[in-house]
Amino acid sequence: MKNLFTTIVSVISALLYSTSIYANPSPAFHQCTKAFTYDIYLSQQKIGYLTRTLRWQDKNVDIYSYSKVDIVVAKSKLKQQSRVYWSEKRNSFLTQSFSRQITGLLAGSASATFSEEGSRSVINYNGATANFSSTDIPIMDGDAVGSQIRHNLIEGKTSFNFKLQDTDDVDHYFFEVKGKEKIKTRFGRLNAFRVEQVRKHDRKLVMWFAPDVDYQLVKATYKRKLLNLQALLTNSNIKCPNQLAKIN
């Protein structure tokens, strides 16, 4: 049970950080605040939720995440704060830092800092420090990766790859846009981009981003061996100066 629960929390942490911010941010939207809530399912049974709030300050955004998962006797809560920024040089969202705390069965903490332009990272996980570097593409956290996927969709790109900082390693992820599909969501039937993780034959990760809901992630599924996870967007609240965009 503990190994399964560890995997579930890890997948949720990476999967749902795909909710993102404005692509190539316009100064008019730098003060926007966004809040999102997702329900999480394991084998079609609801096991928890995740909420995220994003607050802009110029070209930086602070992202606050909270998740609660309850599987029979195994319970855990996750809190994370990330700072992501827009890099003109890279034409990309990058990570400045993040901190993560898990309480319950998998109690532990992690914090990371990233060098300018993402060529190096330092992570402290439960008191142990590790250093990583990349010479080709920047190292990012899940918030920056999700934001950049959304940016790429708006720009019309159909394939992209990222290096994602985990607590004990840096993993290389590859994605492809498989087209558009009409899917059932909390907000009705929507046209959505279908994005799949590729080059992994032992798992299947699929994400749907809906242009009519601010190009946000509205649905995600992850299947690997015994795992059958699903995340569904249930609430979206976007507030900008002199405007309010809200979907309940």
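Refer to the preceding data block for the structure.
Residues numbered from 1 in each chain as written. Predicted model: local features only at pLDDT ≥ 70, side-chain atom pairs only at ≥ 80, totals over all residues. Heavy atoms only, no water.

Undergrad: Lay out the overall build of the protein in plain terms, naming residues and giving numbers.
TA: Across its full length, the protein carries 2 helices and 16 strands. Burial statistics for the protein: of 248 residues in total, 51% are counted as buried. In the protein, the share of contacts with a sequence separation of at least 24, taken over all contacts with a separation of at least 6, comes to 45%. Summed over all atoms, the accessible surface of the protein reaches about 11,900 Å², with 46% contributed by carbon and sulfur. (Helix = DSSP H or I, 4+ residues; strand = E, 2+ residues; numbered from the N terminus. Buried < 20%, exposed > 50% of the residue type's maximum accessible area, 1.4 Å probe, protein only. Contact = heavy atoms within 4.5 Å. Areas by Shrake-Rupley, 256 points an atom, 1.4 Å probe, with all protein chains shown as cover.)

Undergrad: Outline the packing of aromatic side chains, supporting the account with residue identities and numerical values.
TA: Two descriptors summarise a pair of aromatic rings, namely the distance from one centre to the other and the angle between the planes of the rings. Considering all chains together, one arrives at 8 aromatic pairs under this definition. For the ring pair F160 and F162, a centre distance of 6.0 Å and an interplane angle of 50 degrees mean the geometry is tilted. Each member of the pair F160 and F162 is classed as buried. Ring geometry for F162 versus F175: centroids 6.2 Å apart, planes at 55 degrees, classification tilted. Of this pair, F162 sits in strand β10 (residues 159–165) while F175 sits in strand β11 (residues 170–185), and the two are 13 residues apart along the sequence. Residue classification places F175 among the buried positions, given a relative accessible area of 5%. The ring of F174 is capped by R199, whose NZ or CZ atom sits 4.0 Å from the centre of that ring. (Phe/Tyr/Trp six-rings, centres within 6.5 Å; stacked < 30°, edge-to-face > 60°. Lys NZ or Arg CZ within 6 Å of the ring centre and 35° of its normal.)

Undergrad: Break down the pattern of salt bridges for me, with residues and values.
TA: Applying the stated criterion to the full structure yields 14 salt bridges. Residue D214 is joined to K34 by a salt bridge in which the shortest nitrogen-to-oxygen separation is 2.5 Å. Taken as a pair, D214 in the loop between β13 (204–210) and β14 (216–224) and K34 in strand β1 (residues 33–42) lie far apart in primary sequence, 180 residues in all. The salt bridge partner of D202 is R224, with a shortest N-O separation of 2.9 Å. Here D202 is found in the loop between β12 (188–198) and β13, whereas its partner R224 is found in strand β14, with 22 residues between them in sequence. In this structure, a network of salt bridges that share partners links the residues E181, R194, E196 and K204. (Salt bridge = Lys/Arg side-chain N within 4 Å of Asp/Glu carboxyl O.)

Undergrad: Quick rundown of the layout of surface pockets? Include the residues and the values.
TA: To find the voids left in a structure, one rolls a probe of water-molecule size over its atoms. In this structure, the second largest pocket spans a volume of roughly 240 Å³. Taken together, 13 residues form the lining of the second largest pocket, with S92, I137, Q148, N161 and F162 sitting closest to its centre. Put simply, the parts of the chain that give the lining of the second largest pocket at least two residues each are α2 (142–154) and β10. Among the elements that take part in the lining of the second largest pocket, β10 stands out by supplying 4 residues, more than any other. Considering only residue class, the lining of the second largest pocket consists of 5 nonpolar, 5 polar and 3 charged. (1 Å grid on protein atoms, 1.4 Å probe; cavity = no way out; pocket = protein on both sides within 12 Å on 5 of 7 lines; lining within 4 Å. Points joined across faces, edges and corners; volume = space filled by probe spheres on them. Nonpolar A, V, L, I, M, F, W, Y, C, P; charged D, E, K, R; others polar.)

Undergrad: For the nonpolar core, give the residues involved together with the corresponding values.
TA: Core analysis: the largest hydrophobic core is formed by 50 residues, its most contacted members being I149, F175, V195 and M207. For this core, the element with the highest residue contribution is β13, accounting for 6 residues. By size, the runner-up hydrophobic cluster in this structure holds 6 residues, among which are F98, A112, F114 and F132. (Core = buried A, V, L, I, M, F, W, Y, C linked by side-chain atoms within 4.5 Å.)

Undergrad: An account of the side chain of R52 is requested, with residue identities and associated values reported.
TA: Mapped onto the elements of the fold, R52 is located in strand β2 (residues 45–57). Owing to a relative accessible area of 1%, R52 belongs among the buried residues under this scheme. Of the polar contacts made by the side chain of R52, one reaches the side chain of S65; its length is 3.2 Å. (Polar contact = N/O pair within 3.5 Å; in protein donor to acceptor, adjacent residues only side chain to side chain.)

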